[in-house]
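# Observations on chain architecture
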Amino acid sequence: MLILGIESSCDETAAAVVESGRFIRSNVIASQNDLHAEYRGVVPELASRAHAERILPVVRAALHDARTSIGDLDAIAVGNRPGLIGSLLVGVAAAKALAWSLDKPLVAVDHVHAHLYSGLLMSTSVQEAGLSDQGISDHFPALGLVVSGGHTALYRLDSPTTLRRLGGTIDDALGEAFDKAATILGLPYPGGPNLDRLAQTAGANPRAHAFPISRLSPDSLDFSFSGLKTSLLYRVRGLPAPGGVFARDHTSLADGERADLAASFQHAAVQAVVLKIERALDRGPASEPPPCSLLVGGGVSANSRLRAELTRLAAARHLRLVLPAAPLCVDNAAMIAGLAFHLHAAGLTADLNLQAMPTTAC
Ligand code: KG4
Ligand code: ZN
């Protein structure tokens, strides 16, 4: 079964063809990073215009790379939520038009849930993988972690399509906190990867500053990163004088100081995530079988320290760790097409009344 996935929820215009829900035949991503860099963040109006210009060339490129023609597709899938409404509308309109004109099923996919699926995708063909089935079911039940620029949440998954949200951020998403921290440190856009790179430089000390690791109430599986961000702000600029004026900014930091601050921030942010995963594992209901794997997705799953810490945690807890390859950490359409396979199999298709929604389903 071949599914075309379309993704346009934020600032990446993406299309992909995935076979049998697992094998990536093509994965095309047109990033808008250059367009938004001067504003240090995504400008929604510019994003939707760029999606409208790029969506058809990107779909064509995905079909070309997959060496398939439009008539060979079995379904059209689209990320219809959550995201910037103007951006989502472009992908949803394109997917509806394709599904209607080809008379193929339309599948609506929650972008956040799709991030959890991205690590299960394979870049080999069905034949090369040599699997008797798709090899998906033995990853469940799973604990899921999504860490992106807009979302940070923990899930319990009993299958790719059966999931329950256990907790989420009560303020900033983890990627948002990394991006704001990078701005405080005077690093160029996009902030998260640049902060990660700086934190890895030789001599950068993750214990130079004891930044707060948010715990919230003892049973909470929610996250909070705003205190950590403010703590970094005050460490860089000093406490604000009346009227909110700061005495200094990142320009007075020496290179070594900046690297220590980046490494210490990253350490605290990652420890806060690890703490909640440990809690979720320790406090899962006794009535449920414990998770056998940890599925991780979203832009921040590319973070070097997070990957290292999750690898350590998974080994200690005897969990199978499923981390996406670098191109699948960011927003992509292969994860949309992959998850759509399971939604389609479960009869969860959409019709032409499908709406774009700014929020996640759960
Ligand atoms: O999933 P994604 O591409 O878009 C959303 O759906 O939000 O995630 C983008 C986020 C940005 O905040 C970016 O700074 C962050 O992921 N990010 C990273 C790293 N790579 C991307 N944050 C920390 N370390 C990284 N290596
Ligand atoms: Zn995303």
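Note that the structure is predicted; figures quoted are calculated from it, not measured.

## Comments concerning the overall build of the protein
From N to C terminus, the protein includes 12 helices and 10 strands. Relative to the 2.2 N^0.38 estimate, which gives 21 Å for 362 residues, the radius of gyration of the protein is 21 Å and therefore close to what a compact globule would have. Its C-alpha atoms give the protein principal-axis dimensions of about 65 × 50 × 35 Å. Here the analysis covers contacts within the protein between residues at least 6 apart in sequence; of these, 74% occur between residues at least 24 apart. Approximately 15,200 Å² of the protein is accessible, and the part contributed by carbon and sulfur atoms is 55%. With 30 positive and 34 negative side-chain charges, the protein shows a separation of 5 Å between the mean positions of the two kinds.

## Considerations on the site of ligand 1
With respect to spatial proximity, 18 residues lie near ligand 1, and among them Gly149, Asp179, Asp196, Gly299 and Asn303 are the closest. Take Gly150: an N or O atom from its main chain is 3.1 Å from an oxygen atom of ligand 1. For ligand 1, an oxygen atom lies 2.9 Å from a polar atom in the backbone of Gly299. Burial of ligand 1 by the surrounding chains reaches 86%, relative to a free accessible area of 550 Å². Among the elements of the structure, helix H4 (111-117), helix H6 (174-184) and helix H7 (191-199) are those that each provide at least two residues to the shell around ligand 1. Among the residues making up the shell around ligand 1, the classes are represented as 5 nonpolar, 10 polar and 3 charged.

## What to know about the environment of Val28
Its location among the elements puts Val28 in strand E3 (residues 23-31). Taking the C-alpha atoms as reference, Val28 lies 26 Å from Leu321; in sequence the two are 293 residues apart. For Val28, the residues in contact, after removing those within four places along its chain, are Thr13, Ala14, Ala15, Val58, Ala61, Ala62 and Asp65.

## Thoughts on the coordination of the zinc ion (ligand 2)
For a metal bound by four donors in a tetrahedral arrangement, the ideal donor-metal-donor angle is 109.5 degrees, while six donors in an octahedral arrangement ideally sit at 90 or 180 degrees. Note on the zinc ion (ligand 2): its protein donors are His111 (NE2), His115 (NE2) and Asp331 (OD). The metal-donor distances range over 2.1 Å. For the zinc ion (ligand 2), the 4 donor atoms in the first shell make angles of 93 to 147° at the metal, a pattern classed as irregular. Along the chain, the residues donating to the zinc ion (ligand 2) fall in the pattern H-x3-H-x215-D. Taken together, the residues His111 in helix H4 and Asp331 in the loop between helix H11 (326-329) and helix H12 (334-345) connect sequence positions 220 residues apart. The exposure class of Asp331 is buried, given its relative accessible area of 14%.

## Focus: the sheet that holds strand E6 (residues 142-147)
Pairing in this open sheet of 5 strands is mixed, and the strands run E8-E7-E6-E9-E10 from one edge to the other. Strands with a single pairing partner mark the edges of an open sheet, and in this sheet they are strand E8 (162-168) and strand E10 (320-322). With direction set aside, neighbouring strand axes in the sheet form an average angle of 20°. Helix H9 (residues 255-282) contacts E6, strand E7 (152-159), E8 and strand E9 (293-297) of the sheet and is inclined by roughly 160° relative to E6.

## Some words on the pattern of salt bridges
Per the counting criterion, the structure on display carries 14 salt bridges. Notably, a salt bridge pairs Glu278 with Arg317, separated by 2.6 Å at the nearest N-O pair. With Glu278 in helix H9 and Arg317 in the loop between helix H10 (304-316) and E10, this residue pair connects regions lying 39 residues apart in the sequence. For Glu278, a relative accessible area of 23% translates into the label partly exposed. On the accessibility criterion, Arg317 (28% relative accessible area) is partly exposed. One network of salt bridges, in which partners are shared, links Arg156, Asp158, Arg164 and Glu288.

## Re helix H2 (residues 44-65)
Under the 1.5 Å per step criterion, the end-to-end length of H2 is 29 Å for 22 residues, consistent within 8% with the ideal 32 Å. At Arg54, H2 is deflected by roughly 45°, the largest bend along its length, and proline Pro57 occurs up to four residues later in sequence. When H2 is considered as a whole, its buried residues turn out to be Ala47, Ser48, Ala50, His51, Ile55, Val58, Val59, Ala62 and Leu63. In this structure, the buried side of H2 is in contact with strand E1 (2-7), strand E2 (12-19), E3, helix H1 (33-36) and helix H3 (85-102). In the segment just after H2, Arg67 is the residue with positive phi, at about 50°.

About the cut-offs
- Residues numbered from 1 in each chain as written.
- Chains lettered and ligands numbered in written order.
- Predicted model: local features only at pLDDT ≥ 70, side-chain atom pairs only at ≥ 80, totals over all residues.
- Heavy atoms only, no water.
- Helix = DSSP H or I, 4+ residues; strand = E, 2+ residues; numbered from the N terminus.
- Rg over C-alpha atoms; globule rule 2.2 N^0.38 Å.
- Contact = heavy atoms within 4.5 Å.
- Areas by Shrake-Rupley, 256 points an atom, 1.4 Å probe, with all protein chains shown as cover.
- Lys, Arg positive; Asp, Glu negative; His and termini not counted.
- Charge placed at Lys NZ, Arg CZ, Asp CG, Glu CD.
- Near = heavy atom within 4 Å.
- Polar contact = N/O pair within 3.5 Å; in protein donor to acceptor, adjacent residues only side chain to side chain.
- Nonpolar A, V, L, I, M, F, W, Y, C, P; charged D, E, K, R; others polar.
- Donors = N, O, S within 2.8 Å, 3.2 Å for Na, K, Ca; no water.
- Tetrahedral: all angles 85-135°; square planar, octahedral: opposite > 155°, others 65-115°.
- Buried < 20%, exposed > 50% of the residue type's maximum accessible area, 1.4 Å probe, protein only.
- Pairing = 2+ DSSP bridges.
- Axes fitted to C-alpha atoms, helices over the stretch in contact; angles between N-to-C directions.
- Salt bridge = Lys/Arg side-chain N within 4 Å of Asp/Glu carboxyl O.
- Expected span 1.5 Å × (residues − 1).
- Bend = angle between axes of the 7 residues up to and from the residue.

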